[in-house]
Amino acid sequence: MDVGYKTTDVVVAVLFPAYQIVREMSLSLDVGVHNVEAMLQRAYQRAYGAEMLDRERMRLALDGKRIYRFGQPVTLPVDEARRQVAERIRAGVVQHWGRAISTVARVFLAGGGAALLGAYLAQPPLVAEMVPDPQGANARGFYKLGRFAETA
């Protein structure tokens, strides 16, 4: 399954039922898929020297497929890297929201990283859920948010 991971920030914009943006609860974290990839690159380099993991093998590893080096299977800590990065995202959001987190009913995940990190972000206190077609939803959401901001 190729979900089209890309390196991107996590952007959270909080909308309440009145469709008003709560700017003080909105944030952008410089944490995302690029951090997972960097962790996997470091693990690969520790195991095999100065060699870098190429784009295609990185994509395959992130998709849960087996990758090889000189005919031998390569084992990378993909799940651990995903868990650690998701925890950094969760901690950043919880820290930013503070006590106001108790007022948030749901968090929706969108973007290329949602498919990679969604299962790890869908745990309390965020209670996050992935939207259908998370990559396309991210683009559509930013477009609609921009249109909404123009008319507000």
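Thresholds applied
- One numbering rule holds for all chains: residues counted from 1, following each sequence as written.
- The predicted origin of the model limits local features to residues at a pLDDT of at least 70 and limits the giving and counting of side-chain atom pairs to 80 or more, whereas totals for whole chains, interfaces and linings rest on all residues.
- Neither water nor hydrogens contribute to the side-chain values; these are computed over all heavy atoms in the structure.
- In this description a helix means any DSSP run of H or I spanning at least four residues, a strand means any run of E spanning at least two, and both kinds are numbered starting from the N terminus.
- Accessibility here uses a 1.4 Å probe with only protein chains present; expressed as a share of the type maximum, an area under 20% marks a residue as buried, one over 50% as exposed, and anything in between as partly exposed.
- Contacts were defined at the residue level, with two residues in contact if any of their heavy atoms lie within 4.5 Å.
- Axis angles are defined between N-to-C directions and span 0 to 180 degrees, where every axis is a line fitted to C-alpha atoms and, for a helix, only to the segment in contact.
- Oblique is the label for every angle not falling under 35 degrees (roughly parallel), over 145 degrees (roughly antiparallel), or within 65 to 115 degrees (roughly perpendicular).
- Each crossing gets its hand from how the near helix is turned against the far one by less than a right angle, where anticlockwise is left-handed and clockwise is right-handed.
- Points on a 1 Å grid, built from protein atoms alone, make a cavity when a 1.4 Å probe fits but cannot get out and make a pocket when they are open with protein on both sides within 12 Å along at least 5 of 7 lines; residues with an atom within 4 Å of a point are the lining residues.
- Grid points are joined across faces, edges and corners, and a volume is the space filled by probe spheres set on the points.
- Following the grouping adopted for this structure description, the nonpolar residues are Ala, Val, Leu, Ile, Met, Phe, Trp, Tyr, Cys and Pro, the charged ones are Asp, Glu, Lys and Arg, and the polar ones are all others, Gly among them.
- Salt bridges, as used here, are contacts in which a Lys or Arg side-chain nitrogen is within 4 Å of a carboxyl oxygen on Asp or Glu.

Visitor: Explain the overall build of the protein chain to me, please; I cannot follow it from the model alone.
Guide: The secondary structure content of the protein chain amounts to 5 helices and 6 strands. Of the regular secondary structure in the protein chain, the N- to C-terminal order runs β-β-α-α-β-β-α-β-α-β-α. Burial statistics for the protein chain: of 152 residues in total, 39% are counted as buried. Within the protein chain, counting contacts between residues at least 6 apart in sequence, those at least 24 apart form 57% of the total.

Visitor: When you look at the packing of helix α1 (residues 33–48) against helix α3 (residues 78–97) in this model, what are you seeing that I'm missing?
Guide: Geometry of a packed helix pair, given as the angle between the helix axes and the separation of the axes. In contact at an axis separation of 9 Å, α1 and α3 are set at 140° when each is read in the N-to-C sense. In terms of orientation, α1 lies oblique with respect to α3. Seen along the crossing, α1 lies across α3 with a hand that is right-handed. Across the interface between the two elements, N35, V36, M39 and L40 of α1 pack against V78, A81, R82, Q84, V85 and R88 of α3.

Visitor: Sorry if this is basic, but what is going on with the layout of surface pockets here?
Guide: If you roll a probe as big as a water molecule over the atoms, it shows you where there is empty space left. Space inside the second largest pocket adds up to approximately 160 Å³. A61, G64, K65, R66, I67, P73, V74, T75, L76 and V78 together form the lining of the second largest pocket. Of the residues that constitute the lining of the second largest pocket, the class distribution is 6 nonpolar, 2 polar and 2 charged.

Visitor: Would you explain the pattern of salt bridges in this entry?
Guide: Oppositely charged side chains can pair when the atoms bearing their charge come close. A complete count under the given rule lists 10 salt bridges for this structure. Across the pair R69 and E51 runs a salt bridge, and its minimum N-O distance is 2.8 Å. Separated by 18 residues along the polypeptide, R69 in strand β3 (residues 67–69) and E51 in the loop between α1 and α2 (55–62) bring together distant segments of the chain. Given a relative accessible area of 29%, E51 falls into the partly exposed group.

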